[in-house]
Amino acid sequence: MWLIVVTLCIGFIIGYFNIIPSKLNKVVANFTTTSLILLLISMGIKIGIDHTVISNLGKLGLAASLLAVTSVIGSIICVTAVSKLVLEKDNNRSMKGETDDIRNLN
Amino acid sequence: MTFVILISIICGIGLGYWVIPDAYSIYLDSVTTYMLALLLLGVGIDLGRNREIWRSLRELGCRILLVPFGVGVGSVVGAVCGGVIVGLPINESSAVGAGFGWYSLSGVLIAQIYSAETGTLAFLTNVLRELLAFIFVPLAYRYLNKYSVIALGGATSMDTTLPLISRVAGSEMAVIAFLSGVTLTAAVPILVPLLIRL
């Protein structure tokens with residue numbers, strides 16, 4: 001948990017002060033993609049090695065799948081509603097910002 | 001991307017189930033943690049480089065907390081609706097939904113306070129939720145509102161699904177996803193015991 005926050009902060013500092021030359025951007029991107037795939041595989045291993053998941057899938061699988069799907073759909077609906085409210089205000093604000101910029105140019 | 005994700009996860013599950021002996025499972029947690037830390041170093045570099053994100057975030061201010069609020073409410077209400085279909089009492093379904101994808105904690109909490117079976121249900125549901133997030137983040141970003149990627153991730157959008165969100169939806173969404181994930185993660189140990197006792 002702390003390791004996550006610390007590495008994120010270290011990465012942020014590296015990025016913010018441009019410590020890694022931008023020539024290496026592609027290397028960093030490839031590195032991220034490769035380790036993302038490795039992470040997914042090891043997450044899969046974690047699920048597969050814990051036999052309680054597979055052995056309970058028959059009994060609780062249907063209910064679990066349904067609850068997972070409905071809770072995801074619920075969050076998507078609510079967040080879309082919220083973001084429409086947040087975004088509308090945001091759009092108004094950025095449009096105001098644009099007109100300010102034009103005024104400044106004139 | 002979705003295809004690569006799906007293949008990786010299926011390979012992993014197959015390896016874990018048939019190939020890798022159980023004795024190795026103690027090392028697995030540290031392997032995933034270090035791998036995740038490495039990945040988040042990359043995400044951090046990305047976030048640090050994009051200075052304009054922080055300006056847009058400052059403009060949004062506290063309103064950004066509406067995103068995790070929406071994800072949380074939607075998740076619990078959605079789970080209650082699902083629970084009605086399969087005939088679960090509201091306290092069980094709402095507590096399962098309030099795991100927000102953090103399967104280890106929500107499963108253990110419910111097993112300790114309430115019952116082992118509901119704990120297993122919470123564990124399974126939230127494992128599946130994380131899987132759904134991995135698979136559907138790229139599709140949701142393409143076809144739905146861009147904030148949907150954060151909704152899919154739930155509490156995991158501060159760690160395991162953050163690299164994917166950052167790669168698919170860009171740094172601005174990654175920042176909001178991280179904040180949303182932190183807020184929801186903090187809410188799990190409060191909400192789950194509260195809802196299960198309803």
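Up top is the structure these notes are about.
Residues numbered from 1 in each chain as written. Chains lettered and ligands numbered in written order. Predicted model: local features only at pLDDT ≥ 70, side-chain atom pairs only at ≥ 80, totals over all residues. Heavy atoms only, no water.

Peer 1: Describe the overall build of chain A, naming the residues involved and giving the relevant values.
Peer 2: Counting its secondary structure elements, chain A contains three helices and zero strands. In sequence order, chain A lays out its α and β elements as α-α-α. Counting over 106 residues, chain A shows a buried share of 38%. (Helix = DSSP H or I, 4+ residues; strand = E, 2+ residues; numbered from the N terminus. Buried < 20%, exposed > 50% of the residue type's maximum accessible area, 1.4 Å probe, protein only.)

Peer 1: Give a description of the side chain of B:Thr118 that names residues and reports values.
Peer 2: Locating B:Thr118 in the fold gives a position in helix α7 (residues 116-143). The contact partners of B:Thr118, leaving out residues within four places of it in the chain, are B:Glu92, B:Val96 and B:Ile110. (Contact = heavy atoms within 4.5 Å.)

Peer 1: I'd like a description of the interface of chain A and chain B, backed by residues and values.
Peer 2: Taken together, the contact pairs 66 residues of chain A with 81 residues of chain B. For chain A, the biggest contributors to the area lost against chain B are A:Leu8, A:Leu40 and A:Leu67; these three give 10% of the whole. Along the contact surface separating chain A from chain B lie nine residue pairs in polar contact (both at pLDDT 80 or more). Those elements that provide at least two residues to the side of chain A that touches chain B are α1 (2-16), α2 (25-49) and α3 (51-105) of chain A. At 32 residues, α3(A) tops the list of elements feeding residues into the side of chain A that touches chain B. (Buried area = accessible area lost by both parts, 1.4 Å probe. Polar contact = N/O pair within 3.5 Å; in protein donor to acceptor, adjacent residues only side chain to side chain.)

Peer 1: I'd like a description of the packing of aromatic side chains, backed by residues and values.
Peer 2: For any pair of aromatic rings, the description rests on two quantities: the centre-to-centre distance and the angle between the ring planes. Per the counting criterion, the structure on display carries five aromatic pairs over all chains. When the centroid spacing of 6.2 Å and the interplanar angle of 50° are considered together, the rings of B:Tyr24 and B:Tyr27 count as tilted. (Phe/Tyr/Trp six-rings, centres within 6.5 Å; stacked < 30°, edge-to-face > 60°.)

Peer 1: Tell me about unusual backbone geometry, residues and numbers included.
Peer 2: Despite not being glycine, A:Asn18 has its phi angle at roughly 50°, a positive value. Within the fold, A:Asn18 resides in the loop between α1 and α2. The phi angle at B:Phe100 is positive, at roughly 50°, despite the residue not being glycine. Inspection of the secondary structure assignment puts B:Phe100 in the loop between α5 (90-97) and α6 (103-113).

Peer 1: With reference to specific residues and values, describe the environment of B:Pro68.
Peer 2: All names here are of chain B. In this structure, Pro68 sits in helix α4 (residues 66-86). Along the primary structure Pro68 and Gly154 are separated by 86 residues, whereas in three dimensions their C-alpha atoms are 7.9 Å apart. If we skip the residues at most four places from it in the chain, Pro68 touches Ser180, Thr183 and Leu184.

Peer 1: Outline the side chain of B:Asn145, listing residues and values.
Peer 2: Looking at where B:Asn145 falls in the secondary structure, it is placed in the loop between α7 and α8 (148-153). Taking relative accessible area as the criterion, B:Asn145 reaches 15% and is therefore assigned buried. Of the polar contacts made by the side chain of B:Asn145, one reaches the side chain of A:Ser83; its length is 2.9 Å. Sequence-distant contacts of B:Asn145, defined by excluding residues within four places in its chain, comprise A:Thr80, A:Ser83, A:Lys84 and B:Ala140.

Peer 1: Mind laying out the environment of B:Gly82, listing which residues take part and the relevant values?
Peer 2: For B:Gly82, the location among the structural elements is in helix α4. For B:Gly82, a relative accessible area of 0% puts it in the buried group. Expressed as a C-alpha distance, the spacing of B:Gly82 and B:Gly97, which sit 15 residues apart in the sequence, is 9.6 Å. Apart from the residues lying within four places of it in its own chain, the contact partners of B:Gly82 are A:Leu66, A:Leu67 and A:Thr70.

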